[in-house]
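Notes for the structure review
Read off the chains here:
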Amino acid sequence: MRALPQRYIPYWLIFLLLVALLYAASLLVPDGLFSPVHSFGPGEAAKATVDQLNLLSTLMVTLNTSLITGSLAVAVNGHVWNPRWSVMDRLAVLLVLSSGAIVYYGVYMAFAVTLEMIAAGFVDPFQRRLALSLSIQYHAFMAGFLMLGIVFCRILEFRLAPPAQAESARGSAGRKLIRRPRV
């Protein structure tokens with residue numbers, strides 16, 4: 001008797017669904033009410049705002065640099081790690097590198113806008129150009145993260161078995177592709 005066919009769900013689709021669920025859950029978090037425990041003095045609020053903007057820029061540069069490092073490792077070794085390395089994978093890595101450049105531009109823009117506000121004698125964290133630069137940073141980073149995540153999922157999905165495992169599975173020194181059956 002034939003075995004029932006198994007349904008195959010690609011790893012990249014599972015990854016995208018999990019990220020989408022986490023994003024949807026973050027939208028459901030209710031807005032909090034703030035009760036001031038400590039009031040800032042006239043210059044303290046501006047200094048705290050600039051400090052937070054600098055910390056946010058440092059965080060984005062650090063995350064983005066890690067993302068670019070991962071994409072470069074994949075670009076160099078992708079065809080070795082994934083025997084089915086394709087044009088889609090190469091384009092995804094190119095998009096990750098492009099999104100990294102966009103994040104760096106958003107960080108630069110945030111610094112320029114902050115400097116402009118300080119020179120004008122005010123700091124407005126909700127200023128339109130500042131909000132746009134922060135949005136550019138976030139969305140470009142997330143696009144790069146999603147693209148690199150898809151490439152990593154494809155590498156996991158199509159990776160080669162270690163030589164010892166392949167030998168015992170085939171009885172030869174060749175490498176065997178680890179892959180779930182597709183229906």
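Anyway, here's the lowdown on the structure attached to this text. (Residues numbered from 1 in each chain as written. Predicted model: local features only at pLDDT ≥ 70, side-chain atom pairs only at ≥ 80, totals over all residues. Heavy atoms only, no water.)

Some points on the nonpolar core
One recurring pattern in soluble globular proteins is that nonpolar side chains are buried together. The condition is simple: Here, nonpolar core means buried Ala, Val, Leu, Ile, Met, Phe, Trp, Tyr and Cys residues that are tied together by side-chain atoms lying within 4.5 Å of each other. Each residue's exposure class comes from its accessible area (1.4 Å probe, protein chains only) as a fraction of the maximum for that residue type: buried when under 20%, exposed when over 50%, partly exposed otherwise. The numbering of helices and of strands both runs from the N terminus, where a helix is a DSSP run of H or I of at least 4 residues and a strand a run of E of at least 2. The contact definition used throughout considers only heavy atoms, calling two residues in contact when any of these lie within 4.5 Å.
Formed by 14 residues in total, the largest nonpolar core has its most connected members in V74, V103 and V151. Counting only elements with at least two residues in this core, the list comes to α2 (44-81), α3 (87-120) and α4 (128-157). Sequence-distant contacts of V103, defined by excluding residues within four places in its chain, comprise M60, N64, Q137, A140 and F141. Of all hydrophobic cores here, the second largest spans five residues; its members include L53, A110, V113 and M117.

So, a nonpolar patch on the surface
So the rule is basically this: Within this analysis, patches are made of residues with over 30% relative accessible area and no salt bridge. Like charges are joined at 9 Å or less; nonpolar side chains (Val, Leu, Ile, Met, Phe, Trp, Tyr) at 5 Å or less. Here the accessible surface of atoms and residues is derived via Shrake-Rupley with a 1.4 Å probe, and residues count as covered only by protein chains that are part of the display. We count a salt bridge whenever a side-chain nitrogen from Lys or Arg sits within 4 Å of a carboxyl oxygen from Asp or Glu.
Residues I9, L13, I14, L17, L18 and L21 make up a contiguous nonpolar surface patch of roughly 540 Å² in combined accessible area. For L13, a relative accessible area of 33% puts it in the partly exposed group.

Examining the pattern of salt bridges
If you walk through the whole model with that rule in mind, you get three salt bridges. Between R154 and D89 there is a salt bridge, with its nearest N and O atoms 2.7 Å apart. Of this pair, R154 sits in helix α4 while D89 sits in helix α3, and the two are 65 residues apart along the sequence. Judged on exposure class, the residue R154 and its partner D89 are both buried. A salt bridge links R129 to E116; the nearest nitrogen and oxygen atoms lie 2.9 Å apart.

Structural notes on the packing of helix α1 (residues 11-27) against α4
Definition in use: In this analysis an axis means a line fitted to C-alpha atoms, helices contributing only their contacting stretch, and an angle means the value between N-to-C directions, from 0 to 180 degrees. We call a crossing left-handed when the near helix sits turned anticlockwise from the far one by less than a right angle, and right-handed when that turn is clockwise. Residue polarity is assigned by list, with Asp, Glu, Lys and Arg as charged and Ala, Val, Leu, Ile, Met, Phe, Trp, Tyr, Cys and Pro as nonpolar; anything else, Gly included, falls into the polar class.
Contact geometry for α1 and α4: axes closest at 8 Å, N-to-C directions at 150°. The two elements α1 and α4 cross, and the hand of that crossing is right-handed. The residues of α4 that touch α1, namely those facing Y11, W12, F15, L16, V19 and Y23, are Y138, F145, L146, G149, I150, C153, R154, L156 and E157. Class assignment for the residues of the contact of α1 with α4 results in 12 nonpolar, one polar and two charged.

Thoughts on the packing of aromatic side chains
What counts here: Only Phe, Tyr and Trp rings are paired, with Trp represented by its six-membered ring, and only when their centres lie within 6.5 Å; those with planes under 30 degrees apart are stacked, over 60 edge-to-face, the remainder tilted.
For the structure shown, the criterion picks out three aromatic pairs. Between Y105 and Y108, the ring centres sit 6.5 Å apart and the planes meet at 40°, which makes this aromatic pair tilted. Residue Y105 and its partner Y108 are located together in helix α3, separated by three residues, close to a single helical turn. Where F141 meets F145, the ring centres are 6.3 Å apart and the plane angle is 25°; that geometry is what we call stacked. You can see F141 and its partner F145 sitting in helix α4, four residues apart, about one turn around the helix. What makes F141 buried here is its relative accessible area of 11%.

A short note on α3
Keep this limit in mind: Given a helix with a known number of residues, its expected span is that number minus one, times 1.5 Å. The definition of a polar contact used here is a pair of N or O atoms within 3.5 Å, where within protein one atom must be able to donate a hydrogen and the other to accept one, and adjacent residues in sequence count solely through side-chain atom pairs.
Between its first and last C-alpha, α3 extends 49 Å over 34 residues, near the 50 Å set by a 1.5 Å rise per residue. The residue sitting at the N-terminus of α3 and contributing the capping side-chain oxygen is S86; that oxygen lies 3.3 Å from the backbone nitrogen of M88. Downstream of α3 by a residue or two, G121 has a phi angle that is positive, lying close to 90°.

What about the packing of α2 against α4?
So the rule is basically this: For classification purposes, angles smaller than 35 degrees are called roughly parallel, those larger than 145 roughly antiparallel, those between 65 and 115 roughly perpendicular, and all remaining angles oblique.
Interaxial distance between α2 and α4 falls to 10 Å at its minimum, and their mutual angle equals 25°. With respect to each other, α2 and α4 are oriented roughly parallel. Taken as a pair, α2 and α4 cross one another with a handedness that is left-handed. Only L130, L134, Q137, Y138, F141, G144, F145, L148, V151, F152 and I155 of α4 make contact with α2, whose side of the interface consists of L53, L56, M60, L63, N64, L67, G70, S71, V74 and W81.

Comments concerning the side chain of Q137
Assignment of secondary structure puts Q137 in helix α4. You can call Q137 buried: its relative accessible area is 1%. Residues in contact with Q137, not counting those within four places in the same chain, are M60, V103, G106, V107 and A110.

On their own, these measurements won't tell you what the molecule is for.
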